[in-house]
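Summary of structural features
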Amino acid sequence: MSVTAVLHSEWIKVRSVRASLGSLLAVFAAMLAITLLVFATVDRAEVYNDGDPVFGAFYAINFAQIAAIAFGATAVSSEYAGGALRISLSAVPQRGLFYAAKTAVVAAAALCVGLTTAFATFFAGQALLGEEAIGLGEPGALRACVGAGIYLALMALFAAGLTFLLRSATAVLSLLIPFILIMSFMIGDIAGGAADYLPDHAGQHVLHQDPEGAVGPWTGLAVTALWTAAALLAGWEAVRRRDV
Amino acid sequence: MTSIEVTDLTKEYRTTRAVDRLTCRIEPGRVTGFLGPNGAGKSTTMRLVLGLDHPTSGTATIGGRPYPTLREPLRTVGALLDPQAAHGSRTARDHLRCLAVSNRIPGRRADEVLQETGLATVAHRRIRTFSLGMRQRLGIAAALLGDPSVLLLDEPANGLDPEGIVWIRQLLRRLAREGRTVLVSSHLMNETATFADHLVVLAGGRLLADVAMRAFIAQHSQARVHVRTGDPDRLRTTLLAHGYAVTGGDDGRCVVEGAGAERIGAVAAREGIPLLELADERASLEQAYLALTADKAEFAAAAPASPNTSQEV
């Protein structure tokens, strides 16, 4: 079978389902809107309250990553509505090809939107900060922009892998969102060292100008990539073995 | 010419054996009705043929090749499994486009099959707004998309209105006339009788019959003749003397069991009894099917039960 044809088909699937297209666009919209809102209203000193102007610029990633997770989850869960996967696998019966194409389309879409979002947010946010603004020349700024895009794509893929495993976006979202919103903060305060290796915390090191602790900016992103790889492998095992 | 070959196919779930050493061959150029009660294993067999379920043992191939090894399979095989399977949030056209693109089927085919199934006017509506009948038509459109030589349709007449049922009947006949292999599962006997040439009957996952429909009806139904005569008493006595069972007869009409019209007509002529009406009763597929399943009831009851129940004994 033609790989490009299958990729094209998967792309049509993503953009023709409102939930997945909507959450993909929400990554961009949420990050930009919240950054502008916060930077326009909050006292400037608070933006830099931990003295890291680069991390301050990416404050809104907490919201954007939820949209990214929703995108990864819904892009996959549309296959589990009714017997949709049966139709999909009748058209593309080589499950490896199907899985790789679906994953690649989610990855490419999330990475494009993630990078666009990261740079757009950085520039738009800094434009509001006047003389305290930083440019891409600021140490760590370019790294953080690229890293934020990759991070968002990894979170989308993490959710996609889990959704293949659990077959439900609802299950994945109700697992991941509380985890990210609550657990990370709690564990982060209690046991600093271990929290550095959680999928979201690890990857966010790349957003700091000077990451503290044992995990560096790129190694942190690599840790998130390992989590993502594990989720995708688990998802693949489920797709390969299951009857549909 | 592509046929479906099923060889010694078995599918076990945790507690049940859904398909039990099934061997059959679905030939091209005719409509094969796939019959059996709910849970007989019809849908499971179809999923196994499509490579969606993994068989416990045995093989199912299409034109000698397992489905997953087909290049661009929608061009060879079209399947309708579940009309609810299309994602409600997509439009009908987008649904068909996803499928067409993956198998490099030209985009105009999507419009052609929408036209053919009477969905052209709702092509851009979201599938969740469709009635069951419209979803069924969309499923048939998807099956026809790649102009396949093999079609597997699971209960295609479900939810169709009377016009839709006439339409699907003609469609199935035409597809078979064009030399395609058409397998249609159903539990509606009278409906199946209107389009099937050949029958494969399952019960409890096992093959009960694999036979031409006319032969099946002849095999599993009693010959029976309706007679009207001017001289009922003499006819009755004569027929009883020849060993036929006769019922009714007060108003000159009676029913003779165990013989065809030629035999009864010949007997009456020889005796010079005037016959006013003489007609073979045409047994229905439903009667034949029920006769077969009654014959096999004992056999079905003797089939191994689930491991759980046997442990509990």
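Residues numbered from 1 in each chain as written. Chains lettered and ligands numbered in written order. Predicted model: local features only at pLDDT ≥ 70, side-chain atom pairs only at ≥ 80, totals over all residues.

Describing the interface of chain A and chain B
Heads up, the condition is: Throughout, a pair of residues is in contact if the C-beta atoms placed from their backbones lie within 7 Å. Counting from the N terminus, the helices are the DSSP runs of H or I reaching at least four residues and the strands are the DSSP runs of E reaching at least two. Three categories are distinguished: nonpolar for Ala, Val, Leu, Ile, Met, Phe, Trp, Tyr, Cys and Pro, charged for Asp, Glu, Lys and Arg, and polar for the others, with Gly belonging to the last.
Between chain A and chain B, the residue contacts involve 27 residues of the former and 29 residues of the latter. Going through the elements one at a time, helix 1 (3-16), helix 2 (18-41) and helix 6 (84-91) of chain A are the ones with two or more residues in the side of chain A that touches chain B. With seven residues, helix 1 of chain A is the single largest residue contributor to the side of chain A that touches chain B. Broken down by class, the residue content of the side of chain A that touches chain B amounts to 14 nonpolar, nine polar and four charged.

Digging into the nonpolar core
Heads up, the condition is: We call a set of buried Ala, Val, Leu, Ile, Met, Phe, Trp, Tyr and Cys residues a nonpolar core when their C-beta atoms link them within 7 Å. Around each residue's C-beta, the other C-beta atoms within 10 Å are counted; 20 or more make the residue buried, 12 or fewer make it exposed, and counts in between make it partly exposed. All C-beta atoms are placed from the backbone.
Judged by nonpolar contacts, the single largest core of 144 residues is most densely connected at Ala156 of chain A together with Leu145 of chain B. In terms of residue count, the dominant contributor to this core is helix 8 (residues 141-166) of chain A (17 residues). The residues touching Leu145 of chain B, leaving out its near neighbours within four places in the chain, are Leu74, Gly78, Leu96, Leu99, Ala100, Ile105, Arg109, Ala110 and Val113 of chain B. Counting residues in hydrophobic clusters, the runner-up holds eight residues, among them Val225, Val227, Leu239 and Val256 of chain B.

Notes on the UniProt feature "transmembrane region" (unreviewed entry) in chain A
Residues and elements named next belong to chain A. Selection rule: UniProt positions are given in the numbering used here, feature names are shortened, and annotations may be inferred rather than shown by experiment.
Per the UniProt annotation, the sites labelled "transmembrane region" (unreviewed entry) are residues 21-42, 54-76, 97-129, 141-166, 173-195 and 215-236. Helix makes up 87% of residues 54-76 and strand 0%, and the two end C-alpha atoms of the span are 33 Å apart. Taken end to end, residues 141-166 comprises 100% helix and 0% strand; its first and last C-alpha atoms sit 37 Å apart.

Here's the deal with the UniProt feature "domain: ABC transporter" (unreviewed entry) in chain B
Per the UniProt record, the feature "domain: ABC transporter" (unreviewed entry) sits at residues 4-229 of chain B. Taken as a whole, residues 4-229 of chain B contains 31% helix and 29% strand, while its terminal C-alpha atoms sit 52 Å from one another.

Thoughts on the packing of helix 5 (residues 61-77) of chain A against helix 8 of chain A
A pair of packed helices is characterised by two quantities: the angle between their axes and the separation of those axes. All names here are of chain A. Where we set the bar: Every axis corresponds to a line fitted to the C-alpha atoms, with the helix fit spanning only the stretch in contact, and the corresponding angles, defined between N-to-C directions, vary from 0 to 180 degrees. Geometric relationships in this document are graded by angle, where less than 35 degrees denotes roughly parallel, more than 145 denotes roughly antiparallel, 65 to 115 denotes roughly perpendicular, and other angles denote oblique. By the definition used in this description, the sense in which the near helix is turned from the far one sets the handedness, with an anticlockwise turn below a right angle giving left-handed and a clockwise turn giving right-handed.
Here helix 5 crosses helix 8 at 40 degrees, and the two axes come no closer than 7 Å. Between helix 5 and helix 8, the angle falls in the class oblique. Helix 8 is crossed by helix 5, and the crossing has right-handed handedness. Here helix 5 contributes Ile61, Ala64, Gln65, Ala68, Ile69, Phe71, Gly72, Ala73, Ala75, Val76 and Ser77 to the contact with helix 8, which in turn contributes Ala148, Leu152, Met155, Ala156, Leu157, Phe158, Ala159, Ala160, Thr163 and Phe164.

Re the environment of Glu72 of chain B
With respect to the element layout, Glu72 of chain B can be found in the loop between strand 4 (57-62) and strand 5 (77-80). For the pair formed by Glu72 of chain B and Ile105 of chain B, sequence separation is 33 residues and the distance between their alpha carbons is 8.9 Å. Excluding anything up to four places from it in sequence, Glu72 of chain B contacts Met1 of chain A together with Asn103 and Arg104 of chain B.

Structural notes on the sheet that holds strand 3 (residues 30-35) of chain B
Consider a sheet: its strands pair through backbone hydrogen bonds, and that pairing is either parallel or antiparallel. Residues and elements named next belong to chain B. Threshold: DSSP-based pairing: two strands are paired if at least 2 bridges between them are found.
Here we have six strands laid out as an open sheet, ordered 5-6-7-3-8-9, and mixed in their pairing. In this open sheet, the two edge strands, each paired with only one partner strand, are strand 5 and strand 9 (206-212). Adjacent strand axes in the sheet meet at a mean angle of 15 degrees when their direction is disregarded. Of the strands in this sheet, strand 3, strand 6 (150-154), strand 7 (181-186) and strand 8 (198-203) touch helix 1 (residues 42-49), which is tilted by about 145 degrees from strand 6.

Quick notes on unusual backbone geometry
All names here are of chain B. Although it is not a glycine, Asp8 sits at a positive phi angle of roughly 50 degrees. With respect to the helices and strands, Asp8 occurs in strand 1 (residues 4-12). Here the phi dihedral of Arg21 falls at roughly 45 degrees; this positive angle occurs in a residue that is not glycine. Tracing the backbone through its elements, the reader meets Arg21 in strand 2 (residues 17-26).

A short note on the environment of Asp280 of chain B
All names here are of chain B. Tracing the sequence through the fold places Asp280 in strand 13 (residues 275-280). Note: C-alpha distance between Asp280 and Val255 (25 residues apart in sequence) is 9.8 Å. When sequence neighbours within four positions are dropped, the list of residues in contact with Asp280 reads Val225, Gly260 and Ala261.

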